[in-house]
Amino acid sequence: MFLTITTTGTPESPATDLGFLLHKHPDNAQRFSTSHGTAHVFYPEATAERCTAALLLEVDPVALVRRGQGKGRGGAPDAALAQYVNDRPYAASSLMSVALSSVFKSALRGVCAALPERAAAPLPLRVEVPALPARGGAELVHKLFGPLGWGSVSAEPIVLDERFPEWGDSRYVRLVLEGELRLADALRQLYVLLPVLDDAKHYWVAPDEVDKLLRAGDGWLAEHPEQKLITSRYLSRRWGLAREAMERLELVRLAEADGLDVEEVDNAVDESSDTAEKPVPLALQRRAAIVAALGAAGASRVLDLGCGQGQLVQELLKDARFTEVVGVDVSMRALAVAARRLRIERMTERQSKRVTLFQGSLAYTDKRLRGYDAAVLSEVIEHLDLPRLPALEYAVFGSARPRTVVVTTPNVEYNVRWESLPAGHVRHGDHRFEWSRAEFAAWARGVAERHDYAVEFGPVGPDDPEVGPPTQMAVFTLIGEGRQEAGTARAATRTSATPPARSTSSTPPTSSTLSTSSAPSTSPAASAPTNPISTTVTTTPTEPKEATAA
């Protein structure tokens, strides 16, 4: 994937000033890592009379497939092999737009401390893109770039195969733009119009894309005759976002016509009294879902296993339905932070009786965990190595055996929706694994079967129709009150079963709605060793562990 920007100059204003404007020295070949490959910047020619900067983007097709599941050409292929055999490493698209915004960030903003007057003035520019997908052909290329001040717009169709001219032209063109424009304006136009011509994006279009479009379109998009098409395609035909963008562009147009600021035109709402809802952080949604599940189960005495810094404990104490809340963590420093967060030393005697914090490891059985209505493992299991999961399983489900167990963990399928998360990376540096919905369901159903629990699954956060929710939750319910003691005795003699291994690809469940699984216990499960840690909370500083997700 290749793009060049060329300018000409004089001895007084040398063309090599392009290096200052792009913040890339002409004598150096530079490389930059992106989430989908490597971008290279170099100068094929650099003289006072003529200077050319080239951006070469090497795309990692495997990383693109992993990050693009369920979206764009990679996620919704026209044929079975389209996600592996395609044009993305070669034809300019939204991948090139992202590289432009990353590599030439300052140039896009028109910032150049060394030569501010050159950054603010038009330059003689020539932009070449050897292979540009144009859904709409050369005619659409002229409609999009023609009104933007370019003196010459050339979109030469590329034939499918020169040996077979009867096959006709491909949907690709060789784009050449020539004219005098500010470098920042040229880069912003390319940033928006490359994916518009391709009519596809390699990443999920979130609401913040509206802001990106308006920033890059500042000064030209509000008056563009193809504004509706540009907005629709750039936002991947998400009509709600496109409508919002069009409304805001209309405000810009009206403000410019009247010589006013947008804020002066859009003054019908007093910002100080604006009550519009803001997005709820995922951590808050997760805690709300856990509290709702515990309330539905009728729990009053609750264990927060792996409580970290006490955020969930604090939330549970706000609800009078929970008469006793116990936070357990292996980190003494985390427990000390939790104690400060809860202000235990300032609680009344009655309040302090509702909460207990103590140190303990979930790799061992612990008699102190028995007899509670419910236990919560919120973003905990992914912090353990897979071989240690059977020990946690027995300590919680085989030994403690609360009536209800709530488990949440990240859904690895949803990671592709975060453009800033590099391919193959987990959301938190301490995560040992992250499971797909199918993998989590397989593990949870195995646990339920081995320990006489029923299990239901539910989403936490926005339930994406293609990749599911960002967090997945399982609610385990002990089958029959009278079977608890017998189940504990049976479980104590069982041997461990290995949890499902992490795979790079798995088929998600056929439904994202709540599903239930239960079966009599037939598989063996090993008893975990007795917990050697039995320490009440202190303020001794050691390393904290906060089980969190992005």
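Above this note sits the structure.
The rules we used
- Residues numbered from 1 in each chain as written.
- Predicted model: local features only at pLDDT ≥ 70, side-chain atom pairs only at ≥ 80, totals over all residues.
- Heavy atoms only, no water.
- Helix = DSSP H or I, 4+ residues; strand = E, 2+ residues; numbered from the N terminus.
- Buried < 20%, exposed > 50% of the residue type's maximum accessible area, 1.4 Å probe, protein only.
- Contact = heavy atoms within 4.5 Å.
- Areas by Shrake-Rupley, 256 points an atom, 1.4 Å probe, with all protein chains shown as cover.
- Axes fitted to C-alpha atoms, helices over the stretch in contact; angles between N-to-C directions.
- Parallel < 35°, antiparallel > 145°, perpendicular 65-115°, else oblique.
- Nonpolar A, V, L, I, M, F, W, Y, C, P; charged D, E, K, R; others polar.
- Phe/Tyr/Trp six-rings, centres within 6.5 Å; stacked < 30°, edge-to-face > 60°.
- Lys NZ or Arg CZ within 6 Å of the ring centre and 35° of its normal.
- Patch = residues over 30% accessible without salt bridge, like charges linked within 9 Å, V, L, I, M, F, W, Y side chains within 5 Å.
- Salt bridge = Lys/Arg side-chain N within 4 Å of Asp/Glu carboxyl O.
- Pairing = 2+ DSSP bridges.
- Left-handed = near helix turned anticlockwise from the far one by under 90°.

**Q** What am I meant to see in the overall build of the protein chain here?
**A** For the protein chain, the helix and strand inventory stands at 19 helices and 16 strands. Of all 550 residues assigned to the protein chain, the portion counted as buried reaches 48%. Sequence separation of 24 or more characterises 75% of the internal contacts of the protein chain that already satisfy a separation of 6 or more. In the form shown here, the protein chain has an accessible surface area of approximately 25,500 Å², with 52% of it arising from carbon and sulfur atoms.

**Q** Hey, could you run me through the packing of helix 8 (residues 183-198) against helix 9 (residues 208-216) in this one?
**A** For any two helices packed against each other, the geometry is given by the interaxial angle and the distance between the axes. It is the contact of helix 8 with helix 9, at a shortest axis distance of 9 Å, that shows an interaxial angle of 140°. Classified by the angle their axes make, helix 8 and helix 9 are oblique. Residues Arg-188, Tyr-191 and Val-192 of helix 8 lie in contact with helix 9, whose contacting residues are Lys-212, Leu-213, Arg-215 and Ala-216. Across the contact of helix 8 with helix 9, the residue classes tally to four nonpolar, no polar and three charged.

**Q** What is the right way to read unusual backbone geometry from this model?
**A** Leaving glycine aside, a negative phi is the common case for residues, and trans is the common case for peptide bonds. Its identity is not glycine, yet Ser-236 carries a phi of approximately 55°, on the positive side. Locating Ser-236 in the fold gives a position in the loop between helix 10 (227-234) and helix 11 (239-258). Overall, the relative accessible area of 21% leaves Ser-236 in the partly exposed class. Its identity as a non-glycine residue notwithstanding, Glu-379 has a phi of 55°, on the positive side. When you line up the elements, Glu-379 lands in the loop between strand 11 (374-378) and helix 17 (389-400).

**Q** For this particular structure, what's the right way to read the packing of aromatic side chains?
**A** To describe a pair of aromatic rings, you give the distance between the ring centres and the angle between the ring planes. Per the stated rule, a full pass over the model turns up 11 aromatic pairs. An angle of 35° between the planes, with centres 6.5 Å apart, marks the rings of Trp-435 and Phe-440 as tilted. Phe-440 sits in the buried class, given a relative accessible area of 0%. Ring centres of Tyr-453 and Phe-476 lie 6.5 Å apart, and the angle between their planes is 85°; this geometry places the pair in the edge-to-face category. Here Phe-476 lies in strand 14 (residues 471-478) and Tyr-453 lies in strand 13 (residues 453-460), a separation of 23 residues in the sequence. A relative accessible area of 0% places Phe-476 in the buried class. A network of ring pairs unites the aromatic residues Phe-433, Trp-435, Phe-440, Trp-443 and Phe-457 as a single cluster. If you follow Arg-301 out to its NZ or CZ, it ends over the ring of Tyr-372, 4.3 Å from the centre.

**Q** So what exactly am I meant to see when it comes to a nonpolar patch on the surface here?
**A** Taken together, the side chains of Leu-160, Phe-164 and Trp-167 present a nonpolar region at the surface, about 320 Å² in accessible area. Along the polypeptide, Phe-164 turns up in the loop between strand 6 (152-159) and strand 7 (169-181). What makes Phe-164 partly exposed here is its relative accessible area of 32%.

**Q** Could you clarify how one ought to interpret helix 4 (residues 94-103) in this entry?
**A** The α-helix advances 3.6 residues per turn, and as a result positions three or four apart in sequence lie on the same side. Across the 10 residues that make up helix 4, a large majority, seven, are buried. For helix 4, the complete set of buried residues consists of Ser-94, Leu-95, Met-96, Ser-97, Ala-99, Leu-100 and Val-103.

**Q** Teacher, can you tell me more about the sheet that holds strand 5 (residues 123-133) here?
**A** Backbone hydrogen bonds are what pair the strands of a sheet, in a parallel or an antiparallel way. If you walk across this open sheet you meet the seven strands as 2-3-4-1-5-7-6, and the pairing is antiparallel. A strand with exactly one partner marks an edge of an open sheet, and here the two such strands are strand 2 (30-34) and strand 6. Sheet twist, expressed as the mean angle between neighbouring strand axes with direction ignored, is 15°. Sheet analysis places strand 3 (residues 37-46) next to strand 4 (residues 50-59), joined by eight bridges and oriented antiparallel.

**Q** Help me understand the packing of helix 7 (residues 137-145) against helix 8, please; the structure alone is not making it clear to me.
**A** At a minimum axis separation of 11 Å, helix 7 and helix 8 run at an interaxial angle of 155°. Here helix 7 is positioned roughly antiparallel relative to helix 8, judged by the angle of their axes. In this structure, helix 7 crosses over helix 8, and the sense of that crossing is right-handed. Between helix 7 and helix 8, the contacting residues are Leu-140, Val-141, Leu-144 and Phe-145 on the first element and Leu-190, Leu-193, Val-196 and Leu-197 on the second. Split into classes, the residues belonging to the contact of helix 7 with helix 8 amount to eight nonpolar, no polar and no charged.

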